[in-house]
Amino acid sequence: MYIVEGTIGAGKSTFLKLIHAALSEVTVVYEPLHNWQSSDNEESLLAHFYTHPKRWASTMETLIMMYRVKEHIKEQEGSSGIKLMERSIYSGHYCFTYNSYLQGFLTKIEWDIYLTWFNFLIPTKCAVPKGFIYLKVAPEIAYERIKKRNRSGEETIPLDYLQQLDARHTEFLIDKKNILPELAQVPVLVLDCTKDFEENSEEFLAHKEQVKQFIYDQELKADLLQDQIDPKNLLL
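Residues numbered from 1 in each chain as written. Predicted model: local features only at pLDDT ≥ 70, side-chain atom pairs only at ≥ 80, totals over all residues. Heavy atoms only, no water.

1. Looking at unusual backbone geometry
So, step 1. Of note, K176 is a non-glycine position whose phi angle comes to about 50 degrees, a positive value.
So, step 2. Locating K176 in the fold gives a position in the loop between α8 (159-174) and α9 (181-184).
So, step 3. Phi is positive for N178, close to 55 degrees, though the residue is something other than glycine.
So, step 4. You can see N178 is positioned in the loop between α8 and α9.
So, step 5. Judged by its relative accessible area of 66%, N178 is exposed. (Helix = DSSP H or I, 4+ residues; strand = E, 2+ residues; numbered from the N terminus. Buried < 20%, exposed > 50% of the residue type's maximum accessible area, 1.4 Å probe, protein only.)

2. Some remarks on the environment of E182
So, step 1. When you line up the elements, E182 lands in helix α9.
So, step 2. C-alpha of E182 to C-alpha of A127: the two residues are 55 residues apart in sequence and 9.7 Å apart in space.
So, step 3. Apart from the residues lying within four places of it in its own chain, the contact partners of E182 are P123 and V128. (Contact = heavy atoms within 4.5 Å.)

3. Quick look at helix α6 (residues 108-125)
So, step 1. Compared with an ideal rise of 1.5 Å per residue, which puts 18 residues at 26 Å, α6 spans 25 Å between its outermost C-alpha atoms and is within 8% of the ideal.
So, step 2. All of the buried residues in α6 are W111, Y114, F118, L121 and I122.
So, step 3. If you follow the buried residues of α6, they end up packed against α4 (53-77) and α5 (89-102). (Expected span 1.5 Å × (residues − 1).)

4. Some points on the sheet that holds strand β3 (residues 82-86)
So, step 1. Spatial strand order, β2-β3-β1-β4-β5: 5 strands in an open sheet with parallel pairing. The strands lining the two open edges of the sheet, one partner per strand, are β2 (26-29) and β5 (188-192). Sheet twist, expressed as the average angle between the axes of neighbouring strands with direction ignored, equals 20 degrees.
So, step 2. Where β2 and β3 come together, 4 bridges link them in parallel fashion. Among the inter-strand pairings, V29 is bridged to a residue of β3, identified as M85. (Pairing = 2+ DSSP bridges. Axes fitted to C-alpha atoms, helices over the stretch in contact; angles between N-to-C directions.)

5. Some remarks on the packing of α5 against α6
The description of two packed helices rests on the angle between their axes and on the distance between the axes.
So, step 1. As a packed pair, α5 and α6 sit with axes 11 Å apart at the nearest point and diverge in direction by 170 degrees. Overall, the two elements α5 and α6 adopt an arrangement that is roughly antiparallel. Counting all contacts with α5, which are made through I89, Y90, G92, H93, Y94, T97, Y98 and Y101, the residues of α6 involved are K108, W111, Y114, L115, F118 and I122.
So, step 2. The residue makeup of the contact of α5 with α6, split by class, is 10 nonpolar, 3 polar and 1 charged. (Parallel < 35°, antiparallel > 145°, perpendicular 65-115°, else oblique. Nonpolar A, V, L, I, M, F, W, Y, C, P; charged D, E, K, R; others polar.)

6. Some remarks on the side chain of E219
So, step 1. The topology assignment puts E219 in helix α10 (residues 201-222).
So, step 2. Side-chain polar atoms of E219 contact the side chain of Y2, separated by 2.7 Å. (Polar contact = N/O pair within 3.5 Å; in protein donor to acceptor, adjacent residues only side chain to side chain.)

7. A word on the nonpolar core
So, step 1. Among the nonpolar cores identified, the biggest contains 64 residues, and L84 and Y90 are the most heavily contacted of them.
So, step 2. Among the elements that make up this core, the one with the highest residue count is α4 (6 residues). (Core = buried A, V, L, I, M, F, W, Y, C linked by side-chain atoms within 4.5 Å.)

8. What to know about the side chain of S88
So, step 1. Mapped onto the elements of the fold, S88 is located in the loop between β3 and α5.
So, step 2. A polar contact is formed between the side chain of S88 and the backbone nitrogen of Y90, at a distance of 3.1 Å.
So, step 3. Excluding residues within four positions of it along the chain, S88 makes contact with I3, E5, R68 and F132.

So this is what it looks like as structure tokens:
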């Protein structure tokens, strides 16, 4: 399993849609946003968080961790093959929840409770991915994309929040600062997504080729497919 990471507005869903169309060998698992971005005739939990973060951060982050752990376990125990999953329990923790704690949205008690669950569930129940694919984009560009797509619940996202998330993603995926030891060994492919790859076919083609080579390299290193198919045929 490989995980596609990136801040809000980086283009993860679009990227995975295009990858899925271009690489039939890959199974794509989209982020289950509906679990926290919508509700029946009421404002979504995510919208509540953006409006009143100190009140809703603990509730939302605990709920999201639960859904991400369930999805992670389901995919790691499911059918074999090459899977690309949109976002993860790891960025949920190291980027979003940790940032909420740093900004004072979570109290020390709430953070400690969250950490207790994270340290119980993640190292014992969730296998580390084979690799991370990080769609890196400047916060200012992500901000403009968010406004353009006008997704429900995201209307009030401020630029400074995206700047904070950008810093957390750098610490997690590039600096590998204060993360689980086993995660520090996971390779990371960083893709510069400053340019619009949905409208620019050449830009997407370059990204696709890097993804193919990245997966090819990791599969060979792990010898996962050595006795089953010719490595020369793997996504190449």
